[in-house]
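Report on the structure
This is what each chain is made of:
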Amino acid sequence: MISRYTLPEMGQVWSDAHKYELWCRVEVLVLEAHAAAGTVPADSVEPVRNAPPPTPSAVAAVEAVTDHDVIAFLTAWADNTTPRSAAAYVHYGMTSSDLLDTALAVQLAEATDLLVAKASQLVGVLRDHGLEYRDALRPGRTHGIHAEPDTWGHRVADFAFAMARSRDRLLRAREAVAVGTLSGPVGTYSNIDPAIETAVMAALGLRAADVATQVVMRDGIAEWVSALAVTATVCEAIALEVRHGQRTELRELAEPFRAGQKGSSAMPHKKNPIRAERISGLARLVRGYVTPVTEGIPLWHERDISHSSVERVALPDAAIVTDYLLHLTTGLVAGLTVNVARMRANLDATGGLMFSSAVLLELVSDGLGREEAYALVQAAAMDTWESLDAGSRSSGAPFRDALRKQAVTRGYQLPDAALERAFRPERYIERLAPVFERLARLS
């Protein structure tokens, strides 16, 4: 992933230098376990333990000749070992996948810990924001059209719980990928005792695969990338709401716009939702990695490496981008401008049409048949749409006026008290208290 979207901690997890540090750690633990079991000379451990990890450039120089990354690593590390003869016992009984899959499991666990911490932070920001705006009335919209009155806090609560579930998915996915193997060629333990695997995995904070045919089955990694994709998409859902709310016609929301920031090279008035749009764009990248990683589950027989090239790109990129998305979304919500007055004003943009459902129920409660009541309310609503399209707002309450006219044509007396109840926006949110009680307990 390009540096523009890479935060330092996550970038370090996926750096070549850190990878080789982990490879050294795994190999040293294996060597120590072999020495404790009497399989290799005990005096080989200290020289290997003291040998500094090879630099990425040193490994690359050897790999240019060998065309094999693990052999290049072992050779470059041996060059750092004094005496070099001690390095002969490194990688004893192992195959390349033992090292690659086990070290990768540690990287995935480290990356997930960073993601879980950021997701938890975002949950807290969303929770507090939702509680702050629990009473901020706004038009609820379905299909982009005014539906019924809602509150901004209610909308945000949905995002908060979705992110909490995403965090919990990440925790479950961590368990799925914190799995290593030290079972040798085709996974039969032909040259390595299973007790070595048990000891090393415990030291690394991993569990041993139930079975490995030289490689760990990739279903856990596919689950992990899928969990990242869902997390990224929840970030996008938040961003999309901001993008819609910042449209000129709505002006209900606005992402942070700092001093000195410019919105357009040509139009000085522009304040564009660039952070929200960046979130929407980058979320596509994370989702895009789900299929190629999932296709790494079926391999030829005990092992091939068709998954390897994909994972070298997809796993770091998915983690780095999701990390950045969580960071960006947290800043978006924390710095969001919420125009409560504009939200309330937008309730009246359709002349009372959003109260149609309550009017329908009040008429039914008054004794009018549902079909007859629906026909009356819909006819009045269509008249109101026509009035709004024509730009007429002289009465200030076109839907209520249209209801009265339709009632007269049908010989029906509209109950004034019922209409007053139906046209009160607070009526629609009176039962939301339990939602916000649950939100307050969210952590």
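Further up the page is the structure itself.
Residues numbered from 1 in each chain as written. Predicted model: local features only at pLDDT ≥ 70, side-chain atom pairs only at ≥ 80, totals over all residues. Heavy atoms only, no water.

Its boundaries defined by the atoms lining it, the largest pocket holds a volume of some 640 Å³. Considering the residues around the largest pocket, the lining is formed by 26 residues, among which Lys19, Asp69, Leu100, Ser308 and Arg312 are closest to the centre. Of the residues in the lining of the largest pocket, the class split is eight nonpolar, eight polar and ten charged. (1 Å grid on protein atoms, 1.4 Å probe; cavity = no way out; pocket = protein on both sides within 12 Å on 5 of 7 lines; lining within 4 Å. Points joined across faces, edges and corners; volume = space filled by probe spheres on them. Nonpolar A, V, L, I, M, F, W, Y, C, P; charged D, E, K, R; others polar.)

Time to look at the nonpolar core. Core analysis: the largest hydrophobic core is formed by 95 residues, its most contacted members being Trp14, Trp224 and Leu403. Of all hydrophobic cores here, the second largest spans 38 residues; its members include Leu29, Ala33, Ala51 and Met201. (Core = buried A, V, L, I, M, F, W, Y, C linked by side-chain atoms within 4.5 Å. Buried < 20%, exposed > 50% of the residue type's maximum accessible area, 1.4 Å probe, protein only.)

What follows covers the packing of helix H14 (residues 356-365) against helix H15 (residues 370-389). Look at H14 against H15: their axes get within 9 Å of each other, and the N-to-C directions meet at 140°. Where H14 crosses over H15, the two elements pack in a sense that is right-handed. Contact with H14, carried on its side by Ser356, Val359, Leu360, Leu361, Leu363 and Val364, involves Arg370, Ala373, Tyr374, Leu376 and Val377 of H15 and no other residues of that element. Here the residues of the contact of H14 with H15 sort into nine nonpolar, one polar and one charged. (Axes fitted to C-alpha atoms, helices over the stretch in contact; angles between N-to-C directions. Helix = DSSP H or I, 4+ residues; strand = E, 2+ residues; numbered from the N terminus. Left-handed = near helix turned anticlockwise from the far one by under 90°. Contact = heavy atoms within 4.5 Å.)

For Glu252, the location among the structural elements is in the loop between helix H9 (219-245) and strand E5 (253-254). Looking at Glu252, the relative accessible area reads 1%, which means it is buried. Within the structure, the side chain of Glu252 is placed 2.8 Å from the side chain of Asn346, a separation counted as a polar contact. With residues near it in sequence (within four places) discarded, Glu252 still touches Arg138, Pro139, Arg141, Gly245, Thr337, Val338, Asn339, Arg342, Met343 and Asn346. (Polar contact = N/O pair within 3.5 Å; in protein donor to acceptor, adjacent residues only side chain to side chain.)

A word on the packing of aromatic side chains. Taken as a whole and judged by the stated rule, the model has eight aromatic pairs. Connected via pairs of aromatic rings, a cluster forms that spans Tyr20, Trp23, Phe73 and Trp77. The ring centre of Phe423 lies 4.4 Å from the NZ or CZ of Arg400, which sits over that ring. The aromatic ring of Tyr428 is capped on one face by Arg427, whose charged end is 5.6 Å from the ring centroid. (Phe/Tyr/Trp six-rings, centres within 6.5 Å; stacked < 30°, edge-to-face > 60°. Lys NZ or Arg CZ within 6 Å of the ring centre and 35° of its normal.)

Moving on to empty space enclosed by the protein. A full pass over the atoms with the stated rule returns one cavity of 30 Å³ or more. When its volume is computed, the largest cavity comes out at roughly 50 Å³. Contributions of two or more residues to the lining of the largest cavity are made by helix H6 (96-132), helix H7 (152-177) and H9. Examining the composition of the lining of the largest cavity, we find that three residues originate from one element, H7, more than from any other. Classifying every residue of the lining of the largest cavity gives eight nonpolar, one polar and no charged.

If a strand is regular, its side chains alternate between the two faces of the sheet. Relative to strand E2 (residues 145-151), strand E1 (residues 137-142) runs antiparallel, the two sharing five bridges. Looking at the pairing, Arg138 lines up with Asp150 of E2. (Pairing = 2+ DSSP bridges.)

Here Arg438 shows up in helix H18 (residues 433-441). Taking relative accessible area as the criterion, Arg438 reaches 42% and is therefore assigned partly exposed. Each C-alpha atom, one on Arg438 and one on Lys405, is 44 Å from the other, the two residues being 33 residues apart in sequence.

Turning next to H15. Side chains that are three or four residues apart share a direction in an α-helix, a result of its 3.6 residues per turn. Under the 1.5 Å per step criterion, the end-to-end length of H15 is 28 Å for 20 residues, consistent within 8% with the ideal 28 Å. Directly beyond the C-terminal end of H15, a positive phi value near 85° is found at Gly391. (Expected span 1.5 Å × (residues − 1).)

Spanning twelve residues, helix H16 (residues 398-409) covers 17 Å between terminal C-alpha atoms, matching the ideal 16 Å at 1.5 Å per step. Among the residues of H16, those classed as buried are Pro398, Phe399, Arg400, Ala402, Leu403, Gln406 and Ala407. Just downstream of H16, Gly411 is the residue with a positive phi angle, here 70°.

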